[in-house]
Every structure is written in C-alpha cells, then in structure tokens.
Amino acid sequence: MNRSTALIAFLLYGNALFAADAWRAPTQQQLDALYPPIRALYEDLHRNPELSLHEEKTAAKMGDQLRQLGFQVTTHVGGTGVVAVLKNGTGPTVMVRAELDALPVLEKTGLSYASHVTTRMDQGIEVPVMHACGHDLHMPVAIGTATLLAQN
C-alpha cells in the first residue's frame, strides 16, 4: 500500500473511530474536507524531515496544529515530544501516538516532495535525511484523528 492509499484508507476508516456513537460519527463531507490539508501536511513533513531528538520544527508544527484544534498542548516532553489533551467530560480516554523522527537515509524516490535535507548528526557527520520509516504518515493520521475527535 503506498502512502497516498494509506491516507485515503485512513479517511475512509475514520468513521470506525466513532462507530460506537452514530450521532457523533464524522460525515462524508468532514472526511472529504479533511483529505487536502492532511495530504499537504504529509508532503510538508516528508519534504522537511528531522533526525531523532532534533525534531524542533516538526514538533512545533504538530503542537500548532493541535492547539488550533482546541487541545491543551505541552511541548518538550522527553526532549522534542508533544502531548496534547482534549477534555470533553467524563468517560473513556482515547490515546493516539505518532512518531516524529526521520532517518539518516538518502531519498531516491523522485517524488515532487522528496527530501533534499542534509544535517549533521551528533557525531558531526553530515548525512542526508528522509522519512523512510513512515513517520511522515503517522503524524498526519494523528492530526486527522485529532481533527475528527475535536469536531465530533
């Protein structure tokens, strides 16, 4: 499954998140509206990867997105981690987790949004960086989930 297909599958699957409460299930219009900004976030994150424990810009983007959705956001958790809480009364707690970091790998995909980032590792070695592990997909899926939770 390619990443575009995975994003589409998430959006189609999004209704399952709310299956227990049909009154709060996202509408098809909500899901359709969600795809363009989630796709744009995915491409931006893929184009601009950061190595583990150096995800300052990535964490800031995630925190900003979650704040805009009404979440209480705590940053710098364990270094560059972000924790966001959306309180809406008593009841079960839902937790969603996403990875932020990329790998020291040269991207050879030829994608229009391919990474051309290079950076210095902690050891001083200059390396190329890309999201070769799917974390660039984890984050938009988490934001999509957070959006649907906040809206519903």
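Reading the values: rules and limits
- Residues numbered from 1 in each chain as written.
- Predicted model: local features only at pLDDT ≥ 70, side-chain atom pairs only at ≥ 80, totals over all residues.
- Heavy atoms only, no water.
- Salt bridge = Lys/Arg side-chain N within 4 Å of Asp/Glu carboxyl O.
- Helix = DSSP H or I, 4+ residues; strand = E, 2+ residues; numbered from the N terminus.
- Buried < 20%, exposed > 50% of the residue type's maximum accessible area, 1.4 Å probe, protein only.
- Pairing = 2+ DSSP bridges.
- Phe/Tyr/Trp six-rings, centres within 6.5 Å; stacked < 30°, edge-to-face > 60°.
- Core = buried A, V, L, I, M, F, W, Y, C linked by side-chain atoms within 4.5 Å.
- Contact = heavy atoms within 4.5 Å.

Asker: It is not clear to me how the pattern of salt bridges should be interpreted in this structure. Could you clarify?
Answerer: Side chains that differ in charge, positive against negative, can pair when their charged atoms come close. Taken as a whole and judged by the stated rule, the model has 5 salt bridges. Linking D44 and K61 is a salt bridge whose minimum nitrogen-to-oxygen distance equals 2.6 Å. Pair noted here: D44 is in helix α2 (residues 28-47) and K61 is in helix α3 (residues 56-68), with a separation of 17 residues, a long-range link. Take K61: its relative accessible area is 25%, and that puts it in the partly exposed class.

Asker: Looking at this structure, I do not really get the pairing of strand β2 (residues 81-85). What am I missing?
Answerer: Consecutive side chains along a regular strand alternate between the two faces of the sheet. Alignment of strand β1 (residues 72-77) against β2, held across 5 bridges, turns out to be antiparallel. Looking at the pairing, T75 lines up with V82 of β2. Here β1 folds back onto β2 in antiparallel fashion, the turn holding 3 residues, of which G78 has a positive phi close to 65°.

Asker: Explain the packing of aromatic side chains here, please?
Answerer: Centre distance and the angle of the planes are the two values used to describe a pair of aromatic rings. Evaluated as defined, the whole model comprises 1 aromatic pair. Consider the rings of Y42 and Y113, whose centres lie 5.6 Å apart with planes at 70°: the pair is edge-to-face. Of the two residues, Y42 sits in helix α2 while Y113 sits in the loop between β2 and β3 (118-120), which places them 71 residues apart along the sequence. A single burial state applies to Y42 and to Y113, both of which are buried.

Asker: Explain unusual backbone geometry to me, please; I cannot follow it from the model alone.
Answerer: Note: most residues except glycine have negative phi, and most peptide bonds are trans. Positive phi outside glycine occurs at L53, with the angle close to 70°. Tracing the chain through its elements places L53 in the loop between α2 and α3. Classification of L53 by relative accessible area gives exposed; the value is 56%.

Asker: What is the right way to read the nonpolar core from this model?
Answerer: The nonpolar side chains of soluble globular proteins are, as a tendency, buried together. Judged by nonpolar contacts, the single largest core of 15 residues is most densely connected at M62, L66, F71, L100, M139 and I143. Going through the elements one at a time, α2, α3 and α4 (135-151) are the ones with two or more residues in this core. At 5 residues, α2 tops the list of elements feeding residues into this core. When sequence neighbours within four positions are dropped, the list of residues in contact with I143 reads I38, L41, M62, Q65, L66 and L69.

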